[in-house]
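This is what each chain is made of:
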Amino acid sequence: MAAMPTSDRENTIFVIDDDAIIRLSCEQILKKSGYKVETFANGHEGIERLKEVRPPLLIVDIKMPELDGFEVIKIVRRIDPDVVIVVITGYATIETAVDAMKMGAYDFLPKPFTTNELRMIIERGFERWRLAKEAHFLRQQKEEVERKFVTLVSHQLKGPLVAVKQYLDVLLYTRNAELSGETLEWISRSQARIDEMLALIQDWLLLAKLDRGALCDRDASADIGKIAEAVIQEYRQLPSAATVTLTAEAAPGLPQARGDEVCLNMLVRNLVSNAVKYNKPGGTVKVGADSDDQWIILEVSDTGIGIPEDFRPHLFEEFYRSKTPETQNIPGTGLGLVICKKIVDELGGTIDVESKEGEYTIFAVRLPAAEPPKGVDYFDAVGE
Amino acid sequence: MKTMSESKAVLIIDDDSDFVRAIQTLLESSGYKVRSASNGREGIQLAKNIQPDLVLLDVMMSERTEGFFVLQEMRRIPALSRTPVIVVSSIYSEEPVFRVDPKAGWLPANLFLAKPVEPARLLAEAMRLTGASAAEADKPADGKKQP
């Protein structure tokens, strides 16, 4: 059958009922109200046609031979999550109706029903469909605007900074011998300030992505022990971490954590970066990974300056940085822990801090263990 | 100091004239001949004419992903299909989607570098990509394994 024009489609109601009298009466009543009605004597026929037409509203009887109403709802929901479903239930028990609503039906109509009852429910159903459609459209538009805004603004903010930094980098590289001590120092100070700004834009971009839920992949899994090891290796090479001892230790046979590598790497990196920055010369940074039932536990501890108690409640707030004489010269965007918190929230975990001023800080992250990959035959594993 | 790179030509395709000037100065100080184009179409035309030994390619020019199209187009032109290309961009801080796939018959891009580019790194990579034979072209200069 040919597809129908949108205006007709948006005015169409499907009725699936094995009872010919119900089909006929629904059709007559609803046609009088100006709807386009198609009726089907069984679920299979209705579902096949629904794939082509995608009507906004479906009325379906619960008790039918072959495919019952519950089965129909289940299949239809997979085909079209937006169609509004109203169930007709003959034995007007609340339980049946509740079960159907749990499976995604919007409302129910106990038999026998009056013309007005049918009309009212259908009107409500259409109202619901229109609102959902509008909300969906607005959400899409908002996301598109946000996505474009973030990319464009970050590109435009970065452009000038990159150009300035590139001039300075090349100047320093090609004219190093000709420049005086003070000039060299000013150039490297300028470079450091630009790097600060670039890092800020980068973090802000990450936060925007996190807010859209576009950064972390909840369906992926990664080995947090390996990630910790890689981050620690990297920090050992950095001049800024030269005065601290860095170690990583993962429990053997640690299960995979939920989340993708990029996202978890960012989490570990931000925590390690803080542990290094707020440390004392000769201090240590330890990253430990372990598991507890269904959780992967990541601990990043340092022997640094600690976090004053009144700062702790604000740690995960945007742009909040402690301003003590000890910390005022430590570079940072003030977004690192906000990013950590958002990543952890996104993955369904928790992050907590324990600290003693002047002695240590421990960040403890709990992440859900990854779901076992789909399609694995568990009997194989058990049978070993 | 004049090196073997003396006769090598580098084409920079980038719409930021300041970035181009800085990089051009750097490359010229190491003896490269440098030409530049400020958009994709001009860049491909110039590449066809001068047959550069190396192309530095920006991603986001007047179009959001103009660099990717330039790269695709270059690889379709037989004379440019194996020209080493370094993609430079400030949009990505990590190696982005068009990672080097050594299994592909030709390389989409040989390398990705984030802007601002570290001068020593760029010169080392330029030396490697213009000096080495095609067979060796997928080993980065710093000896690190390519992801």
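Criteria and cut-off values
- Residues numbered from 1 in each chain as written.
- Chains lettered and ligands numbered in written order.
- Predicted model: local features only at pLDDT ≥ 70, side-chain atom pairs only at ≥ 80, totals over all residues.
- Pairing = 2+ DSSP bridges.
- Helix = DSSP H or I, 4+ residues; strand = E, 2+ residues; numbered from the N terminus.
- Axes fitted to C-alpha atoms, helices over the stretch in contact; angles between N-to-C directions.
- Contact = placed C-beta atoms within 7 Å.
- Nonpolar A, V, L, I, M, F, W, Y, C, P; charged D, E, K, R; others polar.
- pLDDT = per-residue confidence, 0-100.
- Buried ≥ 20, exposed ≤ 12 C-beta atoms within 10 Å, placed from the backbone.
- Expected span 1.5 Å × (residues − 1).
- Bend = angle between axes of the 7 residues up to and from the residue.

(A) How the structure looks around the sheet that holds strand 10 (residues 295-302) of chain A. Residues and elements named next belong to chain A. Pairing is mixed in the open sheet, where five strands are placed in the order 7-9-10-12-11. Two strands in the sheet have a free side with no partner beyond their single neighbour: strand 7 (245-250) and strand 11 (350-356). Adjacent strand axes in the sheet meet at a mean angle of 15 degrees when their direction is disregarded. In terms of strand pairing, strand 11 meets strand 12 (residues 360-368) through seven bridges, oriented antiparallel. Each residue of the ladder has a partner; that of Ile351, found in strand 12, is Val365. The strands that helix 9 (residues 261-277) touches are strand 9 (284-292), strand 10 and strand 12; relative to strand 9, the one it contacts most, it runs at about 145 degrees. Against the sheet, helix 10 (residues 336-346) touches strand 11 and strand 12, its axis set at about 140 degrees to strand 11.

(B) Summary view of the sheet that holds strand 1 (residues 9-13) of chain B. All names here are of chain B. An order of 2-1-3-4-5 is seen for the five strands of this open sheet, with the pairing classed as parallel. Strand pairing shows two members of the sheet lacking a second neighbour, strand 2 (33-37) and strand 5 (111-114), which therefore form its edges. Mean inter-strand twist for the sheet, computed between neighbouring axes without regard to direction, equals 20 degrees. Note: strand 3 (residues 54-58) against strand 4 (residues 85-89), four bridges, orientation parallel. Across the sheet, Leu56 pairs through a bridge with Ile86, a residue of strand 4. Relative to the sheet, helix 2 (residues 40-50) contacts strand 1, strand 2 and strand 3, its axis offset from that of strand 1 by approximately 170 degrees. On top of the sheet, helix 3 (residues 66-76) reaches strand 1, strand 3 and strand 4; it is set at about 150 degrees to strand 3, its chief contact.

(C) Quick look at the interface of chain B and chain A. The interface is formed by 18 residues belonging to chain B together with 13 residues belonging to chain A. Only helix 1 (17-29) and helix 4 (119-131) of chain B provide two or more residues apiece to the side of chain B that touches chain A. Top contributing element to the side of chain B that touches chain A by residue count: helix 1 of chain B, with seven residues. Counted by class, the side of chain B that touches chain A contains 10 nonpolar, four polar and four charged residues.

(D) Layout of the confidence of the model for chain A. Residues of chain A with pLDDT of at least 70 account for 93%, and the chain-wide mean is 87. For residues 375-384 of chain A, every residue scores under 50 in pLDDT, and the model assigns this stretch zero contacts once sequence neighbours within four places are set aside.

(E) Main features of unusual backbone geometry. In this structure, Pro112 of chain A follows Lys111 of chain A across a cis peptide bond, with omega equal to -5 degrees. Of note, Pro112 of chain A is situated in the loop between strand 5 (107-110) and helix 6 (115-174). The residue after Lys115 of chain B, namely Pro116 of chain B, is reached through a cis peptide bond having omega -5 degrees. Relative to the helices and strands, Pro116 of chain B resides in the loop between strand 5 and helix 4. For Arg54 of chain A, which is not a glycine, the phi torsion comes out positive at approximately 55 degrees. Although it is not a glycine, Gln51 of chain B sits at a positive phi angle of roughly 50 degrees.

(F) A look at the pairing of strand 3 of chain B. Residues and elements named next belong to chain B. Burial within strand 3 is extensive, with five of its five residues counted as buried. Here strand 3 shows a buried face lined by Leu54, Leu56 and Asp58 and a second buried face lined by Val55 and Leu57. Pairing between strand 1 and strand 3: four bridges, direction parallel. The partner of Ile12 across the bridge, within strand 3, is Leu56.

(G) Region of the structure containing helix 6 of chain A. Residues and elements named next belong to chain A. With 60 residues, helix 6 extends 87 Å between its outermost C-alpha atoms, agreeing within 8% with the 88 Å of an ideal straight helix rising 1.5 Å per residue. Where helix 6 bends most, at Lys158, the angle is about 25 degrees, and the proline Pro160 comes one to four residues later. Buried residues of helix 6: Ile122, Gly125, Lys158, Val162, Ala163, Lys165, Gln166, Asp169, Val170 and Leu171, and no others.

(H) Up close: the pairing of strand 10 of chain A. Residues and elements named next belong to chain A. Burial of the side chains of strand 10 is restricted to one face: Ile296, Leu298, Val300 and Asp302 are buried, whereas none of Trp295, Ile297, Glu299 and Ser301 on the reverse face is. Note: strand 9 against strand 10, eight bridges, orientation antiparallel. Of the residues in strand 10, the one forming a bridge with Val287 is Val300. Counted between consecutive antiparallel strands, the loop separating strand 9 from strand 10 contains two residues, among which Asp293 sits at a positive phi close to 55 degrees. Both strand 10 and strand 12 contribute to a ladder of eight bridges, which runs antiparallel. Within the sheet, the bridge partner assigned to Val300 lies in strand 12 and is Phe363.

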